[in-house]
Amino acid sequence: MASILDAIDETRHDSHAFIKIILYTIPVLLTYVLFNIGNMGWFYFVGSLTFLMLVTILVKTINNVRNSKNYVLPTFNLFTFVYSAIKAVIALGPVFGVGIWLGVKLSNIQMPVNIPHFQTIYLIIIWAIISSILLTSLIFYSKTEKISDAYNFNLIQAHCIDILTAIIYFIPQIAIFNIIIVGSVAYLLYVFKQPFDHPILIIACALALVISVPISGNYFAQIDWEQNTDGDRSDFNS
């Protein structure tokens, strides 16, 4: 069974993990600063690049773990990183764009059923199905980084519900992990009567976000491994 503890441990012990996490956190903090000072033009530009960076980290982490490489986080090779980012946009952009567009269209349909909360249940089902397809497409693409794998809908429909179930189980675990990091810092600020917009808490939030991405990628790779090889990860050397 996929384990968040294994994901945390493998990420923590990865080669140069501390340096990489610090470097990945800088753009996140810069995005926050631009928003905070009201420079919305640069905020949208830097924010878009930061989001693309985080997606690329997720993709490369899934690929590294799923293919049993001896490192978890992406390497320091900037050209490889940029190439992977561009390729991820080409591969995942259309399927996510169509999926979200379809979800919005279906969400606007009012069901002619006069049952309390039925519309809410309908929306949950719609977005659960679409999310399962999109996340499975992301995982399958990340495993090989072949664009065609993002559109292998026969394989996607066969595994998407199982993968979604595993991810739903993962969500409260990663939430608790973030609460421990951010909550600990917030509690110390409260004890010392410091404001909650203190730079230390902002940095803690940025670090928690960045660390959560490779942990999630590692966990997603474990899920895919279980779907295809009955969970045997014995040849992965972290």
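Our structure is the block above this text.
A brief report on the enclosed structure follows. Residue positions are counted from 1 within each chain, in the order its sequence is given. It should be noted that, the model being predicted, local features are given only for residues of pLDDT at least 70 and side-chain atom pairs only at 80 or more, the latter also being counted only at that level, while totals for whole chains, interfaces and linings use all residues. As a convention, hydrogens and water are excluded, and side-chain values are obtained from all of the structure's heavy atoms.

**Points about a nonpolar patch on the surface**
A surface patch of nonpolar side chains, about 610 Å² in accessible area, is lined by F18, I19, I22, L23, I26 and F76. Numbering of helices and strands runs from the N terminus; a helix is a DSSP stretch of H or I covering at least four residues, while a strand is a stretch of E covering at least two. Looking at where L23 falls in the secondary structure, it is placed in helix α2 (residues 17-36). Residues enter patches when they are more than 30% accessible in relative terms and free of salt bridges; like-charged ones are connected within 9 Å and nonpolar ones (Val, Leu, Ile, Met, Phe, Trp, Tyr) within 5 Å. Only the protein chains shown count as cover for residues, and all accessible areas are computed by the Shrake-Rupley method using a 1.4 Å probe. Salt bridges, as used here, are contacts in which a Lys or Arg side-chain nitrogen is within 4 Å of a carboxyl oxygen on Asp or Glu.

**Re the packing of aromatic side chains**
Put simply, two rings from Phe, Tyr or Trp (the six-membered ring, in Trp's case) pair if the centres are within 6.5 Å, and we call them stacked under 30 degrees between planes, edge-to-face over 60, tilted for the rest. Under the defined criterion, the tally for this structure stands at six aromatic pairs. Ring centres of F170 and Y219 lie 4.3 Å apart, and the angle between their planes is 25 degrees; on these two criteria the pair is classed as stacked. With a gap of 49 residues between them, F170 in helix α6 (residues 153-191) and Y219 in helix α7 (residues 199-229) connect regions that are remote in the sequence. Taking 6.0 Å as the distance between ring centres and 70 degrees as the angle between the ring planes, the aromatic pair formed by F170 and F220 counts as edge-to-face. Remark: F220 occurs in helix α7 and F170 occurs in helix α6; sequence separation between them is 50 residues. By the burial criterion, F170 is buried, and F220 matches it. Connected via pairs of aromatic rings, a cluster forms that spans F35, F43 and Y44. Cation placement over rings: the criterion is NZ of Lys or CZ of Arg within 6 Å of the ring centroid and within 35° of the ring normal. Directly above the ring of W225 sits R66, whose terminal nitrogen or CZ lies 4.7 Å from the centroid. Burial status follows relative accessibility: with a 1.4 Å probe on protein chains alone, a residue under 20% of its type maximum counts as buried, one over 50% as exposed, and anything between as partly exposed.

**Observations regarding the nonpolar core**
Among soluble globular proteins, nonpolar side chains are generally buried collectively. As used here, the term nonpolar core means buried Ala, Val, Leu, Ile, Met, Phe, Trp, Tyr and Cys residues forming a set that is joined through side-chain atoms within 4.5 Å. Ranked by internal contacts, the top residues of the largest apolar core, which has 46 residues, are I57, L92, I139, Y141, Y219, F220 and I223. Residues are treated as being in contact if the distance between any of their heavy atoms lies within 4.5 Å. Beyond its immediate stretch of four places on either side in the chain, F220 contacts L58, I62, I139, I167 and F170. Within the second largest apolar cluster, five residues are counted, among which are V185, A186, L201 and A204.

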